[in-house]
Amino acid sequence: MINHETVKEISITIHRADQNLTKLISDKDSIKTFVTDLNKAEIDGLWKGAKWDEILIICSDKTIRLSTNGKVFGSGSSGQFFKLDKKYQYDYQFK
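Residues numbered from 1 in each chain as written. Predicted model: local features only at pLDDT ≥ 70, side-chain atom pairs only at ≥ 80, totals over all residues. Heavy atoms only, no water.

## Regarding the sheet that holds strand 7 (residues 78-83)
The sheet built from seven strands is open, its strands ordered 2-1-4-5-6-7-3 with antiparallel pairing. Lying at the two open borders of the sheet, with one neighbouring strand each, are strand 2 (20-25) and strand 3 (43-48). When strand polarity is set aside, the average angle formed by the axes of neighbouring strands in this sheet is 30°. Two elements, strand 5 (residues 63-68) and strand 6 (residues 72-74), share two bridges in a ladder whose sense is antiparallel. (Pairing = 2+ DSSP bridges. Helix = DSSP H or I, 4+ residues; strand = E, 2+ residues; numbered from the N terminus. Axes fitted to C-alpha atoms, helices over the stretch in contact; angles between N-to-C directions.)

Written out as structure tokens, the structure reads:
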């Protein structure tokens, strides 16, 4: 579980062949909502990926690195993953 009160900023980086796109979330209400949704995410199962995009949760005492493909997220590029709430898919894809 991630404590939203210690989170200073969230950075979502999408790796594309021609460029990397980064979205920063620093508004406290948006951070709280995003972290709360991550904390209550359901297990989606095992995934394996060659290259994943990245969610960095920058806290006052640590940085949490999560891999994502816009549908699921987890702590590595393969293994157990959790469902990423569908409401973030538009933000994730920078539409």
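Alright, that's what it looks like, and here's the rest.
## A look at helix 1 (residues 28-39)
Here helix 1 is twelve residues long and its end C-alpha atoms lie 16 Å apart, about the 16 Å a rise of 1.5 Å per residue gives. Within the sequence span of helix 1, burial applies to Ile-31, Phe-34, Val-35, Asp-37 and Leu-38. Angularly, the buried residues of helix 1 cover 160° about the axis, an arc narrow enough to put them on a single face. Close packing links the buried residues of helix 1 with strand 1 (7-15), strand 2, strand 4 (53-59), strand 5 and strand 6. (Expected span 1.5 Å × (residues − 1). Buried < 20%, exposed > 50% of the residue type's maximum accessible area, 1.4 Å probe, protein only. Arc of directions from axis to C-beta. Contact = heavy atoms within 4.5 Å.)

## Looking at the nonpolar core
Counting 18 residues, the largest nonpolar core has Val-7, Ile-10, Phe-34, Leu-38, Ile-55, Ile-57 and Leu-66 as the members making the most contacts within it. Residue assignment for this core shows that the elements contributing at least two residues are strand 1, helix 1, strand 4 and strand 5. Considering every element that reaches this core, the biggest residue donor is helix 1, with four residues. Setting aside its immediate chain neighbours within four residues, Ile-55 contacts Ile-10, Ser-11, Ile-12, Phe-34, Ile-64, Arg-65, Leu-66 and Thr-68. (Core = buried A, V, L, I, M, F, W, Y, C linked by side-chain atoms within 4.5 Å.)

## A look at the packing of aromatic side chains
In this structure the tally under the stated criterion is four aromatic pairs. Here the aromatic rings of Phe-34 and Tyr-88 are separated by 4.8 Å at their centres, their planes lie at 70°, and the arrangement is edge-to-face. Here Tyr-88 lies in the loop between strand 7 and helix 2 (89-92) and Phe-34 lies in helix 1, a separation of 54 residues in the sequence. Across the pair, exposure class does not vary: Phe-34 and Tyr-88 are buried alike. (Phe/Tyr/Trp six-rings, centres within 6.5 Å; stacked < 30°, edge-to-face > 60°.)

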